Amino acid sequence: MRVKIDFFSDSNTDPSAKMREAMAKAKVGNEAACEDPTVNELVATACKILGKPAGIFLISGTMSNVIAYKVHIQRPGDYLLLDETSHPLIVQSGLIAAQAHATPLPIKGTRGIFTGEQIVEFITRPSLRNIPRVGLVSIEQTTNFGGGAVWPLEYIQEISSLCKENDVFTHLDGARLFNACAHTKISPKEYASYFDSVFIDFSKGLGAPMGAVLLGSEEFIEKAWYYKFQIGGVPGGTVDFITIKQS
């Protein structure tokens, strides 16, 4: 028997027959009102695996990046620091400028990986009236256009400490995080512990047709809900969870 394998993209995955059957039988509800038991279980499981207190189900990894960036970039125009070959910078339709209202600060890494030494001057630079400050550092694990390179844990630890010391947020683009975990035997929770937010994607190596979960603090996820509604991430007719007080 000949087996056809498509190496064009790891997102070219089709749900198995059992996956389709599970979808058909899944219990559903108003997801925007947190009444969908399947989504609630999925988010709770992701929180447990990643060690984060809260999460939100989203359509895609791209939407996860958009929303995380919008939450973290608190002053329009501030720098979003990331590798020059990173997926959000190259092939996500200009979302950094158009949606997050941030200024990309590309770093020339090696296969998508940079060091704390390369960014320390930007992170520690004194605040000036006419120069954006770095509001967020975003890292891909594993790298996309870096050919699946895995960030060394010591690099992540160094950058995380540097950002925490200087009040800069950190985000982990974890579209292929489980690939890194399989290679290094380091747990997803360990990787996620060094970031303010992280998302995992279900349409890559996990083989689902779509979907992602974005995770972070309860405050972060509450803000994420606002932007999920803003960019059309929920279906219509889902306002019944809002309590309107009569005067």
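See above for the structure.
Everything in this summary refers to the structure shown in the same document. None of the values given here were measured: they were computed from a predicted structure.

**What about the nonpolar core?**
In this structure, L81, F114, I123, V134 and V137 are the most contacted members of the largest nonpolar core, which totals 40 residues. For I123, the residues in contact, after removing those within four places along its chain, are L81, V134, V137, L162, C163, N166 and V168. Ranked by size, the runner-up nonpolar core spans 18 residues in total, among them A32, A54, F220 and W225.

**What to know about the pairing of strand β7 (residues 212-216)**
The buried fraction of β7 is high, at five of five residues. Because side chains alternate across β7, one face comprises the buried residues A212, L214 and G216, and the other comprises V213 and L215, equally buried. The pairing of strand β1 (residues 54-58) with β7 spans five bridges and is classified as antiparallel. Residue pairing across strands places I56 opposite L214, the latter belonging to β7. Alignment of strand β6 (residues 197-201) against β7, held across five bridges, turns out to be antiparallel. Within the sheet, the bridge partner assigned to V198 lies in β7 and is L215.

**Remarks on the packing of helix α3 (residues 61-72) against helix α10 (residues 218-230)**
Contact geometry of α3 with α10 gives a least axis separation of 9 Å together with a crossing angle of 120 degrees. Comparing their axes, α10 and α3 come out oblique. In this structure, the crossing between α3 and α10 has a hand that is right-handed. Contacts between α3 and α10 involve I67, A68, K70, V71 and H72 from the former and F220, K223, A224, Y227, K228 and Q230 from the latter. Here the residues of the contact of α3 with α10 are counted per class, giving six nonpolar, two polar and three charged.

**A closer look at empty space enclosed by the protein**
Scanning the entire structure with this criterion turns up one cavity of 30 Å³ or more. Of the voids in this model, the largest cavity is the one considered here, and its volume is about 60 Å³. As for the largest cavity, its lining consists of Y69, L82, D83, S86, P88, G112, F114, S138, I139, E140, W151 and D173. The set of elements that each furnish at least two residues to the lining of the largest cavity consists of β2 (79-83) and β4 (134-140).

**A look at the packing of aromatic side chains**
Within the structure shown, the criterion is met by three aromatic pairs. Judged by centre distance (5.0 Å) and plane angle (90 degrees), the rings of F114 and W151 are edge-to-face. Taken together, the residues span a long stretch of sequence, with F114 in the loop between β3 (103-107) and α6 (116-123) and W151 in the loop between β4 and α7 (153-165) at a distance of 37 residues. According to the relative accessible area criterion, W151 is buried, its value standing at 1%. An angle of 80 degrees between the planes, with centres 5.3 Å apart, marks the rings of Y226 and Y227 as edge-to-face. For Y226, a relative accessible area of 54% puts it in the exposed group.

**What about α3?**
Counted at 1.5 Å a residue, the expected span for α3 with its twelve residues is 16 Å, and the 16 Å between its end C-alpha atoms agrees. Among the twelve residues in α3, eleven count as buried, and that is most of the element. Every buried residue of α3 is listed here: G61, M63, S64, N65, V66, I67, A68, Y69, K70, V71 and H72.

**Overview of the pattern of salt bridges**
This structure, assessed with the given rule, holds seven salt bridges. Here E31 makes a salt bridge to K228, at a shortest N to O gap of 2.7 Å. Taken together, the residues span a long stretch of sequence, with E31 in the loop between α1 (17-25) and α2 (37-50) and K228 in helix α10 at a distance of 197 residues. Each member of the pair, E31 as well as K228, is classed as buried. Across the pair K204 and D201 runs a salt bridge, and its minimum N-O distance is 2.9 Å. Residues joined by salt bridges that share partners form a network here, namely R75, D78 and R133.

The rules we used
Residues numbered from 1 in each chain as written. Predicted model: local features only at pLDDT ≥ 70, side-chain atom pairs only at ≥ 80, totals over all residues. Heavy atoms only, no water. Core = buried A, V, L, I, M, F, W, Y, C linked by side-chain atoms within 4.5 Å. Buried < 20%, exposed > 50% of the residue type's maximum accessible area, 1.4 Å probe, protein only. Contact = heavy atoms within 4.5 Å. Helix = DSSP H or I, 4+ residues; strand = E, 2+ residues; numbered from the N terminus. Pairing = 2+ DSSP bridges. Axes fitted to C-alpha atoms, helices over the stretch in contact; angles between N-to-C directions. Parallel < 35°, antiparallel > 145°, perpendicular 65-115°, else oblique. Left-handed = near helix turned anticlockwise from the far one by under 90°. Nonpolar A, V, L, I, M, F, W, Y, C, P; charged D, E, K, R; others polar. 1 Å grid on protein atoms, 1.4 Å probe; cavity = no way out; pocket = protein on both sides within 12 Å on 5 of 7 lines; lining within 4 Å. Points joined across faces, edges and corners; volume = space filled by probe spheres on them. Phe/Tyr/Trp six-rings, centres within 6.5 Å; stacked < 30°, edge-to-face > 60°. Expected span 1.5 Å × (residues − 1). Salt bridge = Lys/Arg side-chain N within 4 Å of Asp/Glu carboxyl O.

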